[in-house]
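# Residue-level structure breakdown
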Amino acid sequence: MKLRHLGIIMDGNGRWAEARGLERFEGHKEGFNALLRLIDRAIEREIECLSVFAFSIENWKRPEDERRKLFSLFESAIEKERTNLKDKGIRVVFSGSRENLEKSFVAKMSSLESYTASGKNLTIQVLFNYSGSDEITRLIRRAVGKGIKSPTFDDLLANRDNPELPMPDMIVRSAGEKRLSGFLLLQSGYTELAFYDRLFPDWNAEMIDNIIIEYSKRKRKFGGLI
């Protein structure tokens, strides 16, 4: 049973920094470094798709200074890593609403998608300004806008932000929290779940191996008996 699509809810960056007497932003920087470690191992283990929760719609409730630094970190990461991503054969796509984002920021997102479009080794779906309920609302509007009066579940799936991606096989979360927080709600009906106590900045490449081992122990019956 191959793990094709892994979703990661990256949690605990702020707590990691506060435990060390640092600004929360330092935790977000270390969380990004942890993500880079996981990406490299995911390619080695031939995972096809990695979905990561970068910024939820609910994160707008955070202090303005923290939000500003998060956006700055994200823009810096796009510029710094774009060449490495392409050289490693990584395709980046985004999921989430772009309506209330700065046009210059959206342009950088679109540019990265175009620049890495030929990547075949791994697809990274970045959930940015995202919530599962918002995606469901938007995809229903897309289906209705196409003249589909009574959308089926397959119609809904076809109108996701990135409909070509497979359903997530497993979703994991760091920092001990045991909830999805709106992560890929429509797609996760039969997804395997695992929760880990370790704060995300402390995740290393071996976590991918641990997750694959955990996934191999699961029996996915999809409602059947076998």
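Quick note: structure is the one above.
As a starting point, this report considers the structure included with it. In this text the structure is predicted, and so the values were computed from the model without any measurement.

### Notes on the sheet that holds strand S4 (residues 122-130)
Read from one edge of the open sheet, six strands run S3-S4-S2-S1-S5-S6, paired in parallel fashion. The open sheet has two free edges, formed respectively by strand S3 (90-95) and strand S6 (192-195), since each of these has just one partner strand. Put simply, the sheet's adjacent strands are angled 20° from each other on average, direction ignored. Lying over the sheet, helix H2 (residues 24-44) contacts strand S1 (5-9), strand S2 (49-56), S3 and S4, oriented at roughly 145° with respect to S4.

### Section: the packing of helix H3 (residues 64-87) against helix H4 (residues 103-115)
It is the contact of H3 with H4, at a shortest axis distance of 10 Å, that shows an interaxial angle of 15°. Taken together, the axis directions place H3 and H4 in an arrangement best described as roughly parallel. Crossing of H3 against H4: the hand is left-handed. In contact with Phe71, Phe74, Glu75, Ile78, Glu79, Arg82, Thr83, Leu85 and Lys86 of H3, H4 contributes Phe105, Lys108, Ser111, Leu112 and Tyr115. Looking at side-chain class alone, the contact of H3 with H4 contains seven nonpolar, two polar and five charged residues.

### Considering the side chain of Glu192
With respect to the secondary-structure elements, Glu192 resides in strand S6. At 3.0 Å, the side chain of Glu192 forms a polar contact with the side chain of Arg218.

### Focus on empty space enclosed by the protein
Per the stated rule, a full pass over the model turns up one cavity of 30 Å³ or more. Of the volumes computed, that of the largest cavity is approximately 40 Å³. Taken together, His5, Gln125, Arg160, Asn162, Leu165, Pro166, Pro168, Leu184 and Gln187 form the lining of the largest cavity. In terms of residue class, the lining of the largest cavity is built from four nonpolar, four polar and one charged.

The rules behind these values
Along each chain, residues carry numbers from 1 onward, in the same order as the chain's sequence is written. With pLDDT at 70 or above as the cut-off, local features in this predicted model cover only qualifying residues; side-chain atom pairs require 80 or more to be listed or tallied, and sums for whole chains, interfaces and linings still use all residues. Note that the side-chain values use all heavy atoms of the structure and ignore hydrogens as well as water. Strand pairing requires that DSSP identify at least two bridges connecting the strands. Starting at the N terminus, helices and strands are each numbered in turn, a helix being any DSSP run of H or I of at least four residues and a strand any DSSP run of E of at least two. In this analysis an axis means a line fitted to C-alpha atoms, helices contributing only their contacting stretch, and an angle means the value between N-to-C directions, from 0 to 180 degrees. Throughout, a residue-residue contact means that at least one pair of heavy atoms, one from each residue, lies within 4.5 Å. Between 65 and 115 degrees an angle is taken as roughly perpendicular, under 35 as roughly parallel, over 145 as roughly antiparallel, and anywhere else as oblique. Definitions for this section: a left-handed crossing has its near helix turned counterclockwise from the far helix by less than a right angle. A right-handed crossing has that turn clockwise. Three categories are distinguished: nonpolar for Ala, Val, Leu, Ile, Met, Phe, Trp, Tyr, Cys and Pro, charged for Asp, Glu, Lys and Arg, and polar for the others, with Gly belonging to the last. Between N or O atoms, a polar contact is any pair within 3.5 Å; within protein, one atom must be a potential hydrogen donor and the other a potential acceptor, and residues adjacent in sequence are included only when both atoms are from side chains. Cavities and pockets are found on a 1 Å grid laid over the protein atoms alone: a cavity is a set of points where a 1.4 Å probe fits but cannot escape, a pocket is an open set with protein on both sides within 12 Å along at least five of seven lines, and a lining residue has an atom within 4 Å of such a point. Grid points are joined across faces, edges and corners, and a volume is the space filled by probe spheres set on the points.

Keep in mind these numbers describe shape, not what the thing actually does.
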